[in-house]
There are 2 protein chains.
Amino acid sequence: MERDRSVRYARIVAAEQKETRTATGGAVLRQRVTDAITEAAFTELAEAGYARLSMEAVARRAGVGKAALYRRWPSKQAMITELIRGKVTDTLPHTPATGALHTDLRELLATFRGQLANPLLARIGTELLAESSHDGALAEMLYTEVTAPRRLAARAILQGAIDHGELPPTLDLELGTDLLIAPLVFRMLLMQDRSDDDYLETLTTATEAALKAAVR
Amino acid sequence: MERDRSVRYARIVAAEQKETRTATGGAVLRQRVTDAITEAAFTELAEAGYARLSMEAVARRAGVGKAALYRRWPSKQAMITELIRGKVTDTLPHTPATGALHTDLRELLATFRGQLANPLLARIGTELLAESSHDGALAEMLYTEVTAPRRLAARAILQGAIDHGELPPTLDLELGTDLLIAPLVFRMLLMQDRSDDDYLETLTTATEAALKAAVR
DNA sequence: ACGGAACGGAACGGTAGCGTTCCATTGTCT
DNA sequence: AGACAATGGAACGCTACCGTTCCGTTCCGT
């Protein structure tokens, strides 16, 4: 029976690329129920947070039996990790890398700001980070789906600016990436504050100056 | 009985400035026991983390009855908040503000690095941040004891540099403070990475450049 | 139309942990 | 010496919630 659940779990996961492998008889996991669970789970995440989320509460809010949840995912941990992965994959990084450094920087920072402004993220962002210390699967997922592509996008801009001479070739790329990402994350995620357009413009200028000086 | 506990709680809290107000008869909370509990609690915090810490585990590790814990603090939450407050107050900010900006920056950043390198902090830092969203008392304590004095120290350096002309008077102090603190926190707390001396020196130079450009 | 699996709902066993209470013992102040 | 409260230890009631199982019902694909 554990294998049964694993099979179904794999089916759901695969369903994103290939359509559901229908059982021969009638009766398949109903999309409506899956949707209701998903929505309820995110609402619960926003209200209770990651650590305090309970499967009973999700089922209750979705108007669904707990069995429906366990038919889809093998455990609470797997469900949350999977749902967040799906959500987060939507917001792809996007690389501008057109022309001037200042413009590229502002655009990337604006993109980051937009993503960090997501209320759900603001609510559970720090919890996901905290939980990563205890949950390797979550940590790996977050790195692969969130951290890595964003650091890559930042690096691409830096490398582009180096290539056409706006930044020195001796730039420390690792530190440069930190300088680019850290202030917004710090202010919006850790300080739970906003950043208006003025802040963003000044930040862009300051970051540009920092990058030009971040040589080893 | 709830009042009893509150009284004892206040007594313990006050004991940091004034010595324990002895009861008239014999028999007082024994310092040895308090110390054992404190040490056990921090060990548990480091191992299990904030959210997973249990009073039973603390008592077990301290070789102590749970009753001994509840004679000292009214609840788990109060105990942890109070213990962390005591721990964190030790590491005062310290303001250099002597002479050159570059030197002041490097010194402050080195101090921050030293404090962020504390293994316990690295372990539970993100959990404290996450828990702050749900625990107003913890959030306030962290702001008062941790955030505020450090931002104040940063601001003092910036203001000093403005006063003797190394930074422009139009500097955005709020953003400047972010620029000063964010990269280290980002790298050491969120990325769980270290920062060697080279990183710190380059960061100092880059931060100095960023500050000179962070005008509104 | 029909078969069968997914459905909502309820109940269950099991684990965990908080905060309380009791007790006989121990240690400390007067 | 004597009084008295703190002590370790154990047990308790309580709440919460995980993951499982069962049931009678509903819905879907053939």
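Caption draft 1: How the structure looks around the overall build of chain A. For chain A, the count of helices and strands is 10 helices and zero strands. Scanning chain A from its N terminus toward the C terminus, one meets helices and strands in the order α-α-α-α-α-α-α-α-α-α. Here chain A, with 216 residues, has 46% of them falling under the buried criterion. Excluding contacts between residues fewer than 6 apart, the proportion of contacts in chain A whose partners are at least 24 apart in sequence is 67%.

Caption draft 2: Layout of the relation of the copies chain B and chain A. Overlaying chain B with chain A gives an RMSD of 0.1 Å, the required rotation being 180 degrees about an axis along which the chain moves by 0.0 Å. The two molecules are tied by a two-fold rotation axis, judged by turn and shift. In terms of proximity to the rotation axis, the leading residue of chain B is Ala210 of chain B, whose C-alpha is 2.3 Å off the axis. Take the interface residues of chain B: 100% of them recur as interface residues in chain A, which is what a same-surface contact looks like.

Caption draft 3: Region of the structure containing the interface of chain B and chain A. Taken together, the contact between chain B and chain A spans 38 residues of the former and 39 residues of the latter. At the boundary of chain B with chain A, total buried surface from both sides reaches about 3,400 Å², with 64% on carbon and sulfur atoms. For chain B, the biggest contributors to the area lost against chain A are His134, Phe186 and Thr202 of chain B; these three give 17% of the whole. For the pair chain B and chain A, the number of links is six salt bridges. Between Glu174 of chain B and Arg187 of chain A there is a salt bridge, and its shortest N-O distance comes to 3.4 Å. Counting the contacts that link chain B with chain A gives 10 residue pairs in polar contact (both at pLDDT 80 or more). Only helix H7 (119-132), helix H8 (136-163), helix H9 (173-190) and helix H10 (197-213) of chain B provide two or more residues apiece to the side of chain B that touches chain A. The leading source of residues in the side of chain B that touches chain A is H9 of chain B, at 11 residues. The residue inventory of the side of chain B that touches chain A, partitioned by class, reads 20 nonpolar, eight polar and 10 charged.

Caption draft 4: Expanded view of the side chain of Arg113 of chain A. In this fold, Arg113 of chain A is placed in helix H6 (residues 101-116). If we skip the residues at most four places from it in the chain, Arg113 of chain A touches Leu184, Met188, Ser195, Asp196, Asp197 and Leu200 of chain A.

Caption draft 5: Seen up close, the packing of aromatic side chains. Considering all chains together, one arrives at zero aromatic pairs over all chains under this definition. Above the ring of Phe42 of chain A, the side-chain terminus of Lys87 of chain A is found at 4.3 Å from the ring centroid.

Caption draft 6: A look at the environment of Ala100 of chain A. With respect to the helices, strands and loops of the structure, Ala100 of chain A is situated in the loop between helix H5 (76-90) and H6. Sequence-wise, Ala100 of chain A and His164 of chain A are 64 residues apart; in three dimensions their C-alpha atoms are separated by 9.4 Å.

Caption draft 7: Summary view of helix H2 (residues 31-48) of chain B. Residues and elements named next belong to chain B. Between its first and last C-alpha atoms H2 spans 25 Å; for 18 residues at 1.5 Å apiece the expected length is 26 Å, and the two agree. Within H2, the full set of buried residues consists of Thr34, Ile37, Ala40, Ala41, Phe42, Glu44, Leu45 and Ala48. Gly49 occupies a position one or two residues after H2 and carries a positive phi of about 90 degrees.

Caption draft 8: Summary view of helix H3 (residues 55-62) of chain B. For H3 of chain B, the complete set of buried residues consists of Met55, Ala57, Val58, Ala59 and Ala62 of chain B. Gly63 of chain B lies just past H3 of chain B and shows a positive phi near 65 degrees.

Caption draft 9: Focus on the packing of H9 of chain B against H10 of chain B. All names here are of chain B. Axis separation between H9 and H10 bottoms out at 9 Å; the angle between their running directions is 155 degrees. Taken together, the axes of H9 and H10 lie roughly antiparallel to each other. Handedness of the crossing formed by H9 with H10: right-handed. Of the residues in H10, those touching H9 at Gly176, Leu179, Leu180, Pro183, Leu184 and Arg187 are Tyr199, Leu200, Leu203, Thr207, Ala210 and Leu211. Class assignment for the residues of the contact of H9 with H10 results in nine nonpolar, two polar and one charged.

Caption draft 10: View of the confidence of the model for chain A. Residues and elements named next belong to chain A. Within chain A, residue pLDDT values average 87, and 84% of them lie at 70 or more. Considering only residues more than four positions removed or in separate chains, one finds that residues 1-8, a stretch of pLDDT under 50, has three contacts. Ignoring residues within four places in sequence, the model shows residues 10-25, a span with pLDDT below 50, making 10 contacts including any to other chains.

Caption draft 11: The packing of H8 of chain B against H9 of chain B, seen in detail. All names here are of chain B. H9 packs onto H8 with a crossing angle of 115 degrees between their chain directions and a minimal axis gap of 9 Å. Between H8 and H9, the interaxial angle falls into the category roughly perpendicular. The handedness of the crossing between H8 and H9 comes out as right-handed. Judged by residue contacts, Arg150, Arg151, Ala154, Arg155, Leu158, Gln159 and Ile162 of H8 engage Leu173, Glu174, Gly176, Thr177, Asp178, Leu180 and Ile181 from H9. Class assignment for the residues of the contact of H8 with H9 results in six nonpolar, three polar and five charged.

Caption draft 12: Inspection of the pattern of salt bridges at higher detail. For the coordinates displayed, the defined rule picks out 30 salt bridges over all chains. The partner of Asp193 of chain B in a salt bridge is Arg187 of chain B, with the nearest N and O atoms 3.1 Å apart. Given the relative accessible area of 6%, Arg187 of chain B is considered buried. Members of the salt-bridge network, linked through shared partners, are Arg151, Arg155, Glu174 and Asp178 of chain A together with Arg187 and Asp193 of chain B.

Here is what the cut-offs are and how they apply
- Residues numbered from 1 in each chain as written.
- Chains lettered and ligands numbered in written order.
- Predicted model: local features only at pLDDT ≥ 70, side-chain atom pairs only at ≥ 80, totals over all residues.
- Heavy atoms only, no water.
- Helix = DSSP H or I, 4+ residues; strand = E, 2+ residues; numbered from the N terminus.
- Buried < 20%, exposed > 50% of the residue type's maximum accessible area, 1.4 Å probe, protein only.
- Contact = heavy atoms within 4.5 Å.
- Least-squares fit on C-alpha atoms with pLDDT ≥ 70 in both.
- Buried area = accessible area lost by both parts, 1.4 Å probe.
- Salt bridge = Lys/Arg side-chain N within 4 Å of Asp/Glu carboxyl O.
- Polar contact = N/O pair within 3.5 Å; in protein donor to acceptor, adjacent residues only side chain to side chain.
- Nonpolar A, V, L, I, M, F, W, Y, C, P; charged D, E, K, R; others polar.
- Phe/Tyr/Trp six-rings, centres within 6.5 Å; stacked < 30°, edge-to-face > 60°.
- Lys NZ or Arg CZ within 6 Å of the ring centre and 35° of its normal.
- Expected span 1.5 Å × (residues − 1).
- Axes fitted to C-alpha atoms, helices over the stretch in contact; angles between N-to-C directions.
- Parallel < 35°, antiparallel > 145°, perpendicular 65-115°, else oblique.
- Left-handed = near helix turned anticlockwise from the far one by under 90°.
- pLDDT = per-residue confidence, 0-100.

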